[in-house]
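Each chain, written out:
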Amino acid sequence: MDFGQELQANIYEPWRLHYVSYDAIRNDMQRRTLWTDMDEADFERLIRLEADKVDQFVSRKQREIDSRVAYCERTLSHQGRHLSAASALQQMYDSMDDALTEILIDLNDLSKYTRYNFLALEKLVQAHDDTPASRRPMKPLLIEMMRSSPLDRQRFDTSLVKISTLHDICRLHGETRTGNNAAASADQNSFERATAKYWVHPDNVTELKAILLFNLPVLVFDPNKPIEPSDSAISSVYLDNKNFDLYTGRLQRDEGAEAIRLRWYGPMETPNVFVERKTHHAPWLNGASVKDRFRLHADKVGDYLSLRYSADQYSRDIQGTMPEETVEQNYTIAAGVQQSVRDKSLEPTMRVFYNRTAFQVPGDQRLRISLDTDLTFVREDGTSRDVWRRPDMGINYPFAHLPDADVCRFPYAVLETKIQTHLGQEPPEWLTRLLDSHLVYEVPRFSKYLHGASHFWQSRLPLLPWWLSEMSVDIRNAKQPGHSDFSGLSRSKSLKPLIDGKYR
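Quick caveat, the model's predicted, so the values are computed rather than measured.

Visitor: Help me understand the pattern of salt bridges in this model?
Guide: Note on pairing: side chains with opposite charge can pair once their charged atoms come close. This structure, assessed with the given rule, holds 33 salt bridges. Between Arg135 and Asp37 there is a salt bridge whose closest N-O contact spans 2.8 Å. Of this pair, Arg135 sits in the loop between helix 4 (86-129) and helix 5 (139-148) while Asp37 sits in helix 3 (residues 37-82); the two residues are 98 residues apart in sequence, bridging distant segments of the chain. Residues Arg135 and Asp37 agree in their burial class; the two are exposed. Salt-bridge contacts for Glu380 lead to Arg351; the nearest nitrogen and oxygen are separated by 2.8 Å. Separated by 29 residues along the polypeptide, Glu380 in the loop between strand 7 (367-379) and strand 8 (407-409) and Arg351 in strand 6 (residues 347-359) bring together distant segments of the chain. For Glu380, a relative accessible area of 0% corresponds to the buried category. The network of salt bridges with common partners includes Glu6, Arg115, Asp203, Asp474 and Arg476.

Here it is as structure tokens:
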């Protein structure tokens with residue numbers, strides 16, 4: 001199926017007139033044998049008009065959705081305080097839940113609309129630039145337009161989080177969620193989790209998010225601050241040496257193999273950086289795998305990596321700011337990481353960026369699901385221990401200003417499920433059906449660092465991850481018949497929302 005057919009098959013009929021006129025423009029381009037300067041100007045004007053039409057429609061629909069969400073929020077806040085009859089409260093919560101479901105389906109439709117129209121503009125510009133008779137490339141025009149009016153789906157994430165919060169209030173009928181005490185009080189380092197990783201095609205990302213939040217709330221780490229798009233950004237600089245010993249150890253799952261990274265949340269200006277170490281079958285824990293970390297001020301990271309700021313100095317600096325036991329634990333981690341940096345000649349190697357949405361009942365560790373979108377790998381091997389991260393990157397995906405040779409944009413989102421197994425937890429039925437559906441594609445032991453390193457330095461690496469051969473697979477259609485008949489989000493013939501083929 002070519003793109004024109006795919007677009008026609010996925011048009012949401014009530015919005016047909018607001019889509020890019022892909023077929024008409026493509027047919028007009030194919031009729032041209034010579035391109036004059038006037039032709040080029042006409043094409044540019046047409047692309048600008050189509051992009052502006054789409055942007056205005058998305059902005060109008062987004063305002064409508066925000067208004068409807070605000071109405072639900074006001075209703076839940078006001079009537080929740082003033083209605084006393086149990087039957088009236090029940091009716092109000094059910095009514096608001098229905099309204100939020102409708103909003104969520106509309107948001108999913110708007111997300112698909114946005115993606116297909118962006119792809120239509122991209123395909124038209126690419127077809128123009130591939131035409132030998134064209135006189136100048138139009139890709140710079142597309143980049144310029146997308147910077148001023150980005151047709152990405154990240155703009156919808158704030159609405160999704162708000163809908164999730166309100167949906168959870170309806171689900172609990174206004175009661176405060178308390179979580180699971182047994183799971184919450186357990187030692188976090190002792191958790192035994194069954195972890196699985198899946199690729200998600202961009203076509204399915206918003207639908208997957210919507211289905212997840214019907215069953216789990218979006219985890220908000222600081223409910224006391226306004227939600228901002230930058231809250232979901234996670235950046236990690238991975239360390240390795242010239243021989244890629246850490247890469248090889250992790251790929252072969254050697255005993256004691258380490259992954260060491262410097263991680264921060266939000267924009268580059270964030271003052272705190274977490275120095276994290278993953279160890280496979282750590283000898284000091286009788287062979288258990290562990291992830292540990294400590295917090296360091298961003299201004300101290302260069303000195304710490306260059307060994308000018310020792311673990312002893314760090315320990316003295318944090319005395320009195322936390323319990324003595326925590327100081328000891330952090331000192332042990334800081335000393336161990338610094339020893340690895342020194343003994344293995346580790347340097348900043350590659351940055352991994354993504355936007356993360358986490359789904360989890362607050363305080364309940366039994367089930368946690370994360371979805372990482374906009375996954376991007378960027379070379380950091382031109383930096384040093386002193387200047388440990390490049391200053392020209394930021395968090396503005398897709399980082400079009402960076403040299404193409406330094407950037408690898410992963411084509412899929414990554415879903416990760418973590419199920420706590422030491423309490424006998426089994427995955428819920430809805431999750432089993434979802435993970436067996438066409439919306440996700442399982443890739444066991446997928447690693448972001450291993451994938452990025454194998455992209456940039458493949459010629460220097462004797463061993464490569466097994467999943468590289470899967471990159472050529474159309475993961476939307478890769479599952480064989482007989483898998484789950486889970487139908488996701490859809491609409492009935494009368495355009496009523498359906499969830500897994502059923503009315504809510």
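Visitor: So what exactly am I meant to see when it comes to the packing of aromatic side chains here?
Guide: Given two aromatic rings, their pairing is described by the distance between the two centres and the angle made by the two planes. Counted under the stated rule, the structure contains 26 aromatic pairs. Their ring planes at 35° and their centres at 6.5 Å tell us that Trp199 and Tyr441 sit as a pair that is tilted. One end of the pair, Trp199, is in strand 1 (residues 193-200); the other, Tyr441, is in strand 10 (residues 441-442), and 242 residues separate them in sequence. Of the two residues examined, Trp199 and Tyr441, each falls in the buried class. Seen from their ring centres, Phe294 and Tyr304 are 5.6 Å apart, and the 70° between their planes marks the pair as edge-to-face. Here the residue Phe294 occupies a position in strand 5 (residues 288-297), and Tyr304 occupies one in helix 10 (residues 298-305), the gap between them amounting to 10 residues. An identical accessibility class is assigned to Phe294 and Tyr304; each is buried. A network of ring pairs unites the aromatic residues Trp199, Phe377, Phe410, Tyr412, Tyr441, Phe446, Trp466 and Trp467 as a single cluster.

Visitor: What exactly am I supposed to notice about the confidence of the model for the chain here?
Guide: A low pLDDT score tells you not to read the predicted coordinates there in detail. Per-residue pLDDT for the chain averages 86, and the proportion of residues at 70 or more is 88%. Note on residues 180-191: pLDDT is under 50 here. Beyond four places in sequence and across chains, it has 17 contacts.

Visitor: Help me understand helix 2 (residues 22-31), please; the structure alone is not making it clear to me.
Guide: In an α-helix, one full turn covers 3.6 residues, which means residues spaced three or four apart are oriented alike. Within helix 2 the residues assigned to the buried category are Tyr22, Ile25 and Met29. Within helix 2, the buried residues cover an arc of 75° as seen down the axis, which keeps them to one side. Opposite its buried face, helix 2 presents the exposed residues Ala24, Gln30 and Arg31, each directed more than 90 degrees away.

Visitor: Please explain unusual backbone geometry as it appears in this structure.
Guide: Trans peptide bonds make up the majority, and among non-glycine residues the majority have a negative phi. Between Tyr397 and Pro398 the backbone carries a cis peptide bond, its omega angle lying at 10°. Its place among the elements puts Pro398 in the loop between strand 7 and strand 8. Positive phi, close to 60°, is recorded for Phe399, a residue that is not glycine. Position of Phe399 among the secondary structure elements: in the loop between strand 7 and strand 8. The class of Phe399 is buried, set by a relative accessible area of 0%.

Visitor: Looking at this structure, how should I read the pairing of strand 2 (residues 233-240)?
Guide: Note on strand geometry: in a regular strand, side chains alternate between the two faces of the sheet. Most of strand 2 is tucked away, with 8 of its 8 residues classed as buried. Residues Ala233, Ser235, Val237 and Leu239 of strand 2 are buried on one face, and the alternating residues Ile234, Ser236, Tyr238 and Asp240, pointing to the opposite face, are buried as well. Two elements, strand 2 and strand 6, share 8 bridges in a ladder whose sense is antiparallel. Residue pairing for strand 6: Ser235 is matched across the bridge by Phe353. Relative to strand 3 (residues 258-265), strand 2 is paired through 5 bridges, and the arrangement is antiparallel. If you follow Ser235 over to strand 3, its bridge partner there is Trp264.

Visitor: How should the side chain of Glu380 be read in this particular structure?
Guide: Polar contacts involving the side chain of Glu380 include one to the side chain of Arg351, which spans 2.8 Å. Leave out the neighbours within four places in its chain, and Glu380 touches Val237, Pro348, Thr349, Met350, Arg351, Trp388, Arg389 and Arg390.

Visitor: I keep staring at the packing of helix 6 (residues 157-171) against helix 8 (residues 205-215) and nothing clicks. Help me out?
Guide: Two packed helices can be described by the angle between their axes and the distance between those axes. It is at 9 Å that the axes of helix 6 and helix 8 come closest, and there the two elements cross at 25°. When the axis of helix 6 is compared with that of helix 8, the two are roughly parallel. For the crossing formed where helix 6 meets helix 8, the hand is right-handed. The segment helix 6 lies against helix 8, with Asp157, Leu160, Ile163, Ser164, His167 and Arg171 engaging Lys209, Leu213, Phe214 and Asn215.

Visitor: Can you walk me through helix 1 (residues 3-10) in this structure?
Guide: Along helix 1, the residues classified as buried are Phe3, Gly4, Glu6 and Leu7. Along helix 1, the residues classed as buried sweep out an arc of 160° about the axis, all on the same side. Against helix 2 and helix 4 lie the buried residues of helix 1. Between a side-chain oxygen at the N-terminus of helix 1 and the backbone nitrogen of Gly4 the separation is 3.2 Å; the capping residue is Asp2.

Visitor: Teacher, can you tell me more about the environment of Val125 here?
Guide: By the element assignment, Val125 lies in helix 4. For Val125, a relative accessible area of 3% gives the class buried. Remark: the alpha-carbon pair of Val125 and Glu44, spanning 81 residues in sequence, is separated by 9.4 Å. Excluding residues that lie within four positions of it along the chain, Val125 makes contacts with Met138, Lys139 and Leu142.

Rules used throughout
Residues numbered from 1 in each chain as written. Predicted model: local features only at pLDDT ≥ 70, side-chain atom pairs only at ≥ 80, totals over all residues. Heavy atoms only, no water. Salt bridge = Lys/Arg side-chain N within 4 Å of Asp/Glu carboxyl O. Helix = DSSP H or I, 4+ residues; strand = E, 2+ residues; numbered from the N terminus. Buried < 20%, exposed > 50% of the residue type's maximum accessible area, 1.4 Å probe, protein only. Phe/Tyr/Trp six-rings, centres within 6.5 Å; stacked < 30°, edge-to-face > 60°. pLDDT = per-residue confidence, 0-100. Contact = heavy atoms within 4.5 Å. Arc of directions from axis to C-beta. Pairing = 2+ DSSP bridges. Polar contact = N/O pair within 3.5 Å; in protein donor to acceptor, adjacent residues only side chain to side chain. Axes fitted to C-alpha atoms, helices over the stretch in contact; angles between N-to-C directions. Parallel < 35°, antiparallel > 145°, perpendicular 65-115°, else oblique. Left-handed = near helix turned anticlockwise from the far one by under 90°.

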